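Structural overview for review
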Amino acid sequence: MGEALWPLRLLVLALSLGGAASLYAAWKTKRSGGFAVGLGWLLLLAATICAAFTTGADKGAALGIVTVIACAAGFLSFEALRNPRRQSKPREPKTAEKRSGLTPAWWGRRVFVGFLVGPIAGLAALSVTALLYVSLANAGLSASNNLVVAFFAFPLGWAGLAVWAGFDEILWRKSAVIGAALLAPLPLLAISG
Amino acid sequence: MGRSIWPKASSRRVGRSLEAHAVLALSVSVLIYILIVTGTLSVFNREFQRWEQPDAPEMATISAEAAERAALLVFHNEAEPSTHLYINFPQPDLPRTVITTDTQAFYARADGTVGGPERFPWTQFLLDLHYYLHLPHILGLTVVGAMGVFLVGLSLSGLLAHPRIFRDAFTFRRGDDRVSLADLHNRLSVWTAPFHISNALTGAMLGLATVLAIALAAARYDGDLEAVYTPVFGEEPALEGQAGDPAIAQSIRDLSVRHPDLRMTYAIMHDPGTDGQHVQLIGAHTDRLIFGDYYVYDAKGNFQGNTGISDGSIGQQIAGSVYNVHFGNWGGTPIKIAYGLFGLILCTITCSGLSMYFKKREEKGRPAPRLAGGWEGVVWGVPAMLSLTLAFAVSGGEGPALVAAFWLGLIGVAGAGGWIGKERIRFYGIGSTVFGLTAAVVAHTMRYPDELGSAAVLPVSLFLIVVAALLGVVLFKVEQDGKGPAEPASPALKQAE
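Residues numbered from 1 in each chain as written. Chains lettered and ligands numbered in written order. Predicted model: local features only at pLDDT ≥ 70, side-chain atom pairs only at ≥ 80, totals over all residues.

**What to know about the overall build of chain B**
The criterion, for reference: Counting from the N terminus, the helices are the DSSP runs of H or I reaching at least four residues and the strands are the DSSP runs of E reaching at least two. Atoms counted for the radius of gyration: C-alpha only. Globule rule: 2.2 Å times residue count to the power 0.38. For the exposure call, what matters is how many other C-beta atoms sit within 10 Å of a residue's own: 20 or more marks it buried, 12 or fewer exposed, and in between partly exposed, using C-beta atoms placed from the backbone. The contact rule is simple: place each C-beta atom from the backbone, and if two of them lie within 7 Å, those residues are in contact.
Per the secondary structure count, chain B includes 17 helices and eight strands. Radius of gyration (C-alpha) of chain B: 26 Å, near the 23 Å computed for a compact globule of 497 residues. For chain B, the spread of C-alpha atoms along the principal axes amounts to about 80 × 55 × 45 Å. Within chain B, the proportion of its 497 residues that are buried is 46%. Within chain B, residue pairs in contact and separated by at least 24 positions form 70% of the contacts whose partners lie at least 6 positions apart.

Next comes the structure, spelled out in C-alpha cells:
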C-alpha cells in the first residue's frame, strides 16, 4: 500500500513546486501575470486534493498543506539568498517629537481599551456563542456538531471583536458594539435556554 | 512597467488595521512569545522525556498479559484505591509502557514486572509552562486560550493591514533596516498563515474549552458539564456486577482482532475494582488526524461499542482532531520537524514585529531604549532560562524550584535588558543559552555515561550540541560586529539615562 502511493506523493510534491514556481514567476513579472497566478493557485489546490488520496482524507489534505508551505518557503528562501545584503543608509537622528499623550486621560483610555479587547470582548463572544448554541440546538442541530460550532465561534468571535476594538477609532462606538454583544444575548438566553 | 493586476487597498483600512495589530501585539507579545517557544519545544516532548530518563525499560510492543499484570500490580499496591488506572502503550517515538494511577506513574517491563517511577521534571515543567503558564490549571488554561485568541486576532489584523499581500508575495530585501524586518515579518506571516492560524485557533479551542463548557452548561443544561461533552466523547456505560480485577488483557486481545489496523495508545480503567467499573481502549487510526477513538469494554472484556470519534458525526471527528493538529503528532518525525521549523518561523515573526515597532519609534524620534532592551531580554531570556533550567533539572532540580528559577530569571534578564540595552542583553542571552545547553549535555553525559550512544540520548544530545554550536557562531559574529558587551551603550540609551 505504502509503496504504491509513492507516485502520488511525488505528484503532490511536483504540483506544490509547480504551483509555488508559477506564483513566483508571476510575481517576478510585476505586471499582468493573471494566468500564472491562476495556474499557481490551481496547482496548489490540486496538490492538496491529490495529497488527500495519499492517506486518510483529513490527514492527507493536512500533509498537502504542509508540503505547499514548505515549497513556498523554499522559493522565499531562494529569493532572500539571491538578493545581496543591503546596507542601510545612515539616518540623521530626529529630534524627539512632542507627544500629545501620556496624560492620565490617555492612560485611562489605554487601560479601558485593554479591558475592552481582553475580558469584555471575551465575555461578549461567550455570550453570543451561548446564544448561537442554544438557537442551533432549538433548531435541531445535533449536539456534537453544535458543540464544535461553538468551539470555533467563541475564539473567532472574540478575536473578531478584539480586532474591531483596535480598529475603530471612536471609543463610545466600539464600547457600544461590544457592550451590545455582551448584553443583548442575555435576555434571549433567559427566554430560550 | 505595466498596470498592476493587484487590487488596491484603502489606506484608511490599512492604517486602522495596523493600529489594531499594534494594540494587540504590544499587549500580549511577551506571553505569546513564551507560548510559541515552549509550544515549539513541546512538539518534541516525548523525545525530551526519553532523554531525561534514558535508563527506563524500553520495548517496541508489550503483550496484553504483561500489560495487565503490570497494571494490576501497581493498582493493588496503591495506598488509597485509585479512581482511574491508565496504561500508556509503547509508541514509535516513546517506546515505553507506563502505568499511571491518580497519584503516581511507573514503568512496566516487557515481562509485566514493574520498573522504577516515571520522572522527567524538565519536560513536565515545559508542558506545564505551555499548558498553564504555571498558573492554577483552569485559570492557566483560560489565559493560554486567550493568548491563542489574540494570536488569531493578530493574524486577522495583520492580513487586513497588508496592502500588497499578493503583489509582494516573494519580496525579500535583506539588510538590517526596517524594510528588511518588514519583509521578513510579512512574507513569513503570509506563507505560514495556514500553520499559525490553525495552531492559534486549536490552541484557543483547547484552552477555552472549560470556560465555554461552563457557559453552555449554564445556558442549556442547568449547569451539568457532563451533558456538554457527552455527545462528543461519549457517556460512561451504566454497568453493574463488575467488581473484581478488570479483564484488561481480554479487552486488548479483542480489539486487536476487531481492528488489527489500529495502534493502541492507552487503556483507561474507570473506577477499577468497583461494581460499575469499565475499560476504555484508545486506538489510534494512523491514516487520520484524530487522536484515536474510545473502544469501551466491561470488566469481563465484553465489547460495548465505540464512542464515534472515528466514524460518528462530523463534529465528533473535528473535535477529535483538534489536539493532534495543535501538537503536530499526526505524521511521525517529518511532521514534527516541519512543526518545529514553522514554530521557529513564528518566533521570528513575533520578534521581527516588535523590532519593527521599536525601529519605527526610533525613526520618528521617539526611541524607547529601555522597553526595546526589556523586549530583547525576553527574546533571549526565554531560551536562556529554558536551557539553564534544563541543566538544573539534569543536575537534580525539579518542581517548584524549576518554576521559580525560570520566572525569576526571566524577570531578571528582561529587567537587565532595560538597564544595559538590547545589544548587550542579546550577547549575554545568547551566551547563557550556549552555556545552559552545553552544561545540560555535559551533566547528562556524566549522569548517564552508559546511555550516551542509545537511541534515547544520542539524537537529543547531538541536537542540543548543534544548537549550542550555531548560537556560538552567532555570538562570535555579534562580537565581531562590535555589538558585544565591550561596546558602549547605544546613544538612545545614554540619552534615556
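What follows picks up the thread again.
**Observations concerning the pairing of strand E6 (residues 278-284) of chain B**
Residues and elements named next belong to chain B. Let me state the cut-off plainly: Two strands form a pair only when DSSP identifies at least two bridges running between them.
Burial runs high along E6: seven of the seven residues are buried. Here E6 shows no split at all, with His278, Gln280, Ile282 and Ala284 on one side and Val279, Leu281 and Gly283 on the other all buried. Across seven bridges, the pairing between strand E5 (residues 263-270) and E6 is antiparallel. Residue pairing in the sheet places Ala267 in a bridge with Leu281 of E6. Sheet analysis places E6 next to strand E7 (residues 293-298), joined by six bridges and oriented antiparallel. Each residue of the ladder has a partner; that of His278, found in E7, is Asp298.

**Some points on the pairing of strand E1 (residues 84-88) of chain B**
Look at any regular strand and the pattern is simple: side chains alternate between the two faces of the sheet. Residues and elements named next belong to chain B. The pairing of E1 with E5 spans five bridges and is antiparallel. Bridge pairing links Leu85 to Met269 in E5. Here E1 runs beside strand E2 (residues 97-100); their pairing, made up of three bridges, is antiparallel. When the bridges of E2 are listed, Asn88 appears paired with Val98.

**Concerning the nonpolar core**
Defined as follows: Only buried Ala, Val, Leu, Ile, Met, Phe, Trp, Tyr and Cys residues enter a nonpolar core, and they are joined through C-beta atoms within 7 Å.
Core analysis: the biggest nonpolar cluster contains 149 residues, and A:Ala121, A:Phe154, A:Leu161, A:Ala162, B:Leu24, B:Phe150 and B:Leu212 have the highest contact counts within it. It is helix H13 (residues 369-394) of chain B that provides the largest number of residues to this core, a total of 15 residues. Residues in contact with B:Leu212, not counting those within four places in the same chain, are A:Leu126, A:Thr129, A:Ala150, A:Phe151 and A:Phe154. Judged by nonpolar contacts, the second largest core, of 29 residues, contains B:Leu72, B:Tyr107, B:Ile282 and B:Tyr297.

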